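A structural walkthrough
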Amino acid sequence: GLINFLSCPLGSFNNVSGSTSLKDCTLCPIGNFCPYENMTSYIQCSTGNYCPYDGMIVPIKCYLGKYNPSIGSKSENDCIPCPIGTFCNVEGLAIPNPCSQGYYCPSEELVNPVFCPSGTYNLNTSSTSIKDCLICQLGYYCPYAGTPQPTICPQGTYCPEGSITTSLCPVGTYNDKTGLQNEEQ
C-alpha cells in the first residue's frame, strides 16, 4: 500500500513523528527560519541577519552600514551601526570591515571608506580621520587617492614634500640616486 506522508510547508516544521495533519506543523518561531518543506526543526537566524516574524522562510539581511555578530536575532535593532574606523559595504555582515590602508572611516554606518587625498598616504588600518593621512615625505611621491605607501623617487627625478608625481631634474643636470628631495641635490 501507499505510505501517507505529511509535508509541512515552508516556514514551518514538525518534530512529532507519525503526524497526519497540517495542524501538527508549527510555524518557525521568531529568531529562526524554516527554508524547506518537511523540516523537523528550525534553524537559528544566522549572523548578519534577523528574523522578526513567526514563519520566516529566509532571514532578513542587515542593511548597508550595519552588522550583526549574533545568531537568533529577532529585530532589526539587533543590527549594529558599523563603528568609526570600519565600513559595512554589503548587506548581511557579521562583522564590520576595518578601514583599509590608504583610507579613513570618519563616521558610523559608513558604507564605503574615504580615500586619503593624492599627495598623502596611510599605512594604518582602522583609521578614523583625514589627519591619519600623512603628507608624502621628501624624496617620495603618492600618485593617487588612497595611496597606502609612498613610492621612492626614481633616478633622474626629485620629489618635494606632498608630491603627486615625480619632477624631472633640470636639463643639463644628472642624478643617479633615488629619493632626491629637490632639484639642487
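What comes next concerns the included structure. Each chain has its residues counted from 1, running along the sequence as written. For this predicted model, a pLDDT threshold of at least 70 governs which residues receive local features, and a threshold of 80 or more governs which side-chain atom pairs are given and counted, while totals over whole chains, interfaces and linings are taken from all residues. To get the side-chain values, take all heavy atoms of the structure and skip hydrogens and water.

1. Focus: the environment of P83
This is how the line gets drawn: Runs of H or I in DSSP of at least four residues are treated as helices and runs of E of at least two as strands, each being numbered from the N terminus. Two residues form a contact once any of their heavy atoms are found within 4.5 Å.
Following the sequence through the fold, P83 ends up in the loop between strand 8 (80-81) and strand 9 (86-87). Put simply, P83 and S126 are 43 residues apart on the chain and 9.9 Å apart in space, counted from C-alpha to C-alpha. Leave out the neighbours within four places in its chain, and P83 touches Y67, P96, S107 and E108.

2. Regarding the state of the cysteines
Note on terminology: a disulfide is the covalent bond linking the sulfur atoms of two cysteines. Filter applied, for reference: What counts as a disulfide here is a pair of cysteine sulfur atoms lying within 2.5 Å. Here's how the labels work: a residue is buried when its accessible area is under 20% of the maximum for its type, exposed when over 50%, partly exposed in between, all with a 1.4 Å probe on protein chains only.
With the rule as written, the count across this model stands at nine disulfides. Through a disulfide, C82 is tied to C88; the S-S separation comes to 1.4 Å. Between C82 and C88, the S-S dihedral sits near -85 degrees, and the bridge is therefore left-handed. Under the relative-accessibility criterion, C88 is labelled buried at 0%. There is a disulfide in this structure between C116 and C133, and the S-S distance comes to 2.0 Å. As the torsion about the S-S bond is roughly -75 degrees, the C116-C133 disulfide counts as left-handed. Placement of C116 in the loop between strand 12 (114-115) and strand 13 (120-121) and of C133 in the loop between strand 13 and strand 14 (134-135) is noted, with a sequence separation of 17 residues between them.

3. Quick look at the environment of P143
Along the chain, the position of P143 falls in the loop between strand 15 (140-141) and strand 16 (151-152). The spatial distance from the C-alpha of P143 to the C-alpha of Q44 is 48 Å, given a sequence separation of 99 residues. What P143 contacts, discounting residues up to four positions off in sequence, is S118 and I164.

4. Things to note about the side chain of N32
What counts is decided by this rule: By the criterion applied in these results, polar contacts are pairs of N or O atoms within 3.5 Å in which, for protein atoms, one can donate a hydrogen and the other can accept it, and in which residues neighboring in sequence qualify only through two side-chain atoms.
By secondary structure assignment, the location of N32 is in strand 3 (residues 32-33). From its side chain, N32 meets the backbone oxygen of I30 in a polar contact 3.2 Å long. Every residue in contact with N32, bar those within four places of it in the chain, is listed here: Y42, I43, Q44, C45, C51 and M56.

This is a description of form; function is not addressed.
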